[in-house]
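Structural characterization, general
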Amino acid sequence: MACDSLNDRELARLFPGDSELATRMRALDWSQTPLGAVETWPQSLCTSVNICLQSRFPMLIMWGRESVMLYNDAYRPILGSRKHPYALGQRAQECWWETWQVIEPMLDGVLTQGEASWFEDALFSLDRNGYLEECYFTFSHSPILDETGSVGGIFTAVTETTERVLGERRLTTLSELASQTAGLTTVTATCAASAAVLANNPDDLPFVLLYSVAATGQASLTVATGLTPGTELSPIEVNCAEADTDLSRCFNQVLETARSQLFDLTDRIDWSSQSLALIPATAVAIPVTRTPQAGLAHICVVGVSPRRVFDRDYQNFCELLAGQLGTTIATARSLEEGHKRTIALAEIDRAKTVFFSNVSHEFRTPLTLMLGPLEELSNSLTDRVQPAEREQLNLIQRNGIRLQKLVNTLLDFARIEVGRIQASYEPTDLANYTVELASMFRSLVERAGMELEIDCPPLSVPVYAPDVGKDRLQSDFQCLQVYIFRHDRRAVASSRGCGRIERPRYWRRHPHSRTTAIISAILSRQWHPIAHL
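Residues numbered from 1 in each chain as written. Predicted model: local features only at pLDDT ≥ 70, side-chain atom pairs only at ≥ 80, totals over all residues. Heavy atoms only, no water.

Describing the overall build of the protein chain
When helices and strands are tallied, the protein chain shows 15 helices and 13 strands. Residues classed as buried in the protein chain amount to 43% of the 533 residues present. The long-range fraction of contacts in the protein chain, counting pairs at least 24 apart against all pairs at least 6 apart in sequence, stands at 59%. (Helix = DSSP H or I, 4+ residues; strand = E, 2+ residues; numbered from the N terminus. Buried < 20%, exposed > 50% of the residue type's maximum accessible area, 1.4 Å probe, protein only. Contact = heavy atoms within 4.5 Å.)

Focus on the side chain of D127
By the element assignment, D127 lies in strand β3 (residues 117–127). For D127, the side chain forms a polar contact with the main-chain nitrogen of Y131, separated by 3.4 Å. (Polar contact = N/O pair within 3.5 Å; in protein donor to acceptor, adjacent residues only side chain to side chain.)

Some points on the confidence of the model for the protein chain
On average, residues of the protein chain score 79 in pLDDT, and 78% of them are at 70 or above. This model gives residues 465–475 a pLDDT under 50, and the stretch forms 26 contacts once residues within four places in sequence are excluded. (pLDDT = per-residue confidence, 0-100.)

A word on the environment of L210
As for its position among the elements, L210 is in strand β6 (residues 208–213). With relative accessibility at 0%, the residue L210 sits in the buried group. C-alpha separation for the pair L210 and A285, spaced 75 residues apart in sequence, amounts to 9.5 Å. Other than its neighbours up to four places away in sequence, L210 contacts S220, L221, T222, V223, H298, I299, C300, L325, G326 and I329.

Describing the sheet that holds strand β5 (residues 151–160)
Spatially, the five strands line up as an open sheet ordered β2-β1-β5-β4-β3, and their pairing is antiparallel. Strand pairing shows two members of the sheet lacking a second neighbour, β2 (68–71) and β3, which therefore form its edges. On average, adjacent strands in this sheet sit at an angle of 35° to one another, irrespective of strand direction. Pairing between strand β1 (residues 59–63) and β5: five bridges, direction antiparallel. Across the sheet, W63 pairs through a bridge with G153, a residue of β5. (Pairing = 2+ DSSP bridges. Axes fitted to C-alpha atoms, helices over the stretch in contact; angles between N-to-C directions.)

Some remarks on the packing of helix α7 (residues 162–181) against helix α8 (residues 187–199)
Close contact between α7 and α8 brings their axes to 9 Å; oriented N to C, the two are set at 155°. By the criterion of interaxial angle, the relationship of α7 to α8 is roughly antiparallel. Relative to α8, α7 is oriented so that their crossing is right-handed. Residues T173, E176, L177, Q180 and T181 of α7 form the contact with α8, whose participating residues are T190, A193, S194, V197 and L198. Split by residue class, the contact of α7 with α8 holds four nonpolar, five polar and one charged. (Parallel < 35°, antiparallel > 145°, perpendicular 65-115°, else oblique. Left-handed = near helix turned anticlockwise from the far one by under 90°. Nonpolar A, V, L, I, M, F, W, Y, C, P; charged D, E, K, R; others polar.)

Let's talk about the nonpolar core
Residues F15, W41, M69 and W96 are the most contacted members of the largest nonpolar core, which totals 47 residues. By residue number, the principal contributor to this core is helix α6 (residues 100–113), which donates six residues. Among all residues touching F15, those that are not within four sequence positions of it are A22, M25, R26, W30, V38, W41, V49 and L53. (Core = buried A, V, L, I, M, F, W, Y, C linked by side-chain atoms within 4.5 Å.)

Notes on the environment of N50
Residue position: N50 is located in helix α3 (residues 43–53). In the structure, N50 is positioned 36 residues away from L14 in sequence and 6.2 Å away in space, judged by C-alpha atoms. Beyond its immediate chain neighbours, meaning those up to four positions away, N50 contacts R13, L14 and P16. Polar side-chain contacts of N50 include one of 3.1 Å to the backbone oxygen of R13.

Digging into the pattern of salt bridges
Inspection of every chain in the model, using the stated rule, returns 18 salt bridges. A salt bridge links R308 to E133, with the nearest nitrogen and oxygen atoms 3.2 Å apart. Note that R308 is positioned in the loop between β11 (296–303) and α10 (312–380) and E133 in strand β4 (residues 132–145), a separation of 175 residues in sequence. Each member of the pair, R308 together with E133, is buried. Three or more residues joined by partner-sharing salt bridges are found here, namely E134, R169, R170, D203, D204 and R307. (Salt bridge = Lys/Arg side-chain N within 4 Å of Asp/Glu carboxyl O.)

Thoughts on unusual backbone geometry
Following H84, the chain continues to P85 via a peptide bond in cis, the omega torsion being 10°. Locating P85 in the fold gives a position in the loop between α4 (76–83) and α5 (92–95). Phi is positive for S67, close to 55°, though the residue is something other than glycine. Its identity is not glycine, yet D121 carries a phi of approximately 50°, on the positive side. Turning to its location among the elements, D121 is positioned in strand β3.

Some remarks on α4
Those residues of α4 not exposed but buried are I78, L79, G80 and K83. For α4, the angular spread of buried residues about the axis comes to 135°, placing them on one side. Seen from the open side of α4, the exposed residues pointing more than 90 degrees away from its buried face are P77 and S81. Those residues of α4 that are buried lie in contact with β2, α5, β3, β4 and β5. (Arc of directions from axis to C-beta.)

Below, the structure is given as structure tokens:
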């Protein structure tokens, strides 16, 4: 029954406006509530209600020792669909029964001591929409003095900060996942770091499972947090092609549709063996884009918090998390495989160097044993052989010496590969010597239909280094020959069809010569001319 003791004009003055709560307050029979009939209300309560209804900020009045609730339209979303409109004129303990043990001490301090209180991002678990929901509020409790000067009630101004708190928490998880996995080059280390980060947010992520799916349809568990690997929900291997379990059927559908799939966990999982703080009723399987390099797809299974509805924001967070996980693992796998390839190539290169070194030594020994006696024989038979026979001996000796030089060059290559070549220094016309060496490739270049252009101006002084000092230039005949031959052969091989090979003016600022400076840089291995050819 509506309050009939006051006429409509008086009710409109007490409960002003045409808002939903003002209309409900005018129609409510207050005599059936703990506050009693409206005409018995103290002026302090009437004034507070008038202020509350005309404000657009969420406000709540709790009057008397029983904390009877009156509120405005802006406060209505805080109550949810299960508490509004029943909370109007209801005791606070009856309305907020699920969290009264937290609220009661806050109210007692205001009622007994008359001191205002302030709370920022306070957590409450509220049953306002059919489930126990995780909610955050920033609010203040202020005393309302009655006509006697005592505390008659509590005035509460409140704003819900749930979305902001959840957004910051989820952003922190994504940021920590990126920072903690940055620089990791192995899949094992990346998975361990990812699991540690995800375990820090059980409120949004009761459990997370990341599966790598090969082209054959075989899915392997890569990351697991919140659940023990090997359970019914977290098997080590899942054959998506067979679809003989709920999880494999879900994975198969995710791969076919490339869309996230929600699936129910009720009565399907034995949670007694798990140590979850929150038991999720649903989970979502999220596809992650296939990586062409690895030939893999990923499926991320995330347990949905039972204290939050799986809305668009929650889904976006899970999809971002799944994508970041998949990219992080794929990157680590690529780096790990690249590292393995590097090690394998280094081992091949080492074996090649050892082979060249051994072969050159094996060649050098018999050549030395042959050339020594040959030289003695040639000298001893000078007067006893015919000129034609003498020429044959000289030919054998010259070709043997030439072969020995080739073997020495082969050994120098092996030394260069391992960085153990040493230069011996002597004065030389470095510019002229460089031109002569490079010119040996002219016929090869011209046969290939190209031109060889050499820019190597003469030097004013010969290059030598009897005492090695910081102002001296260092050169070496054999080292220089090996380097020039090596790089010019590469230039010819890689420049066919270009029409021209130019040995540019490679130099650094040096008081003696630009040519000597570049040769010094080559020998000190500080500069590599092949990159400029």
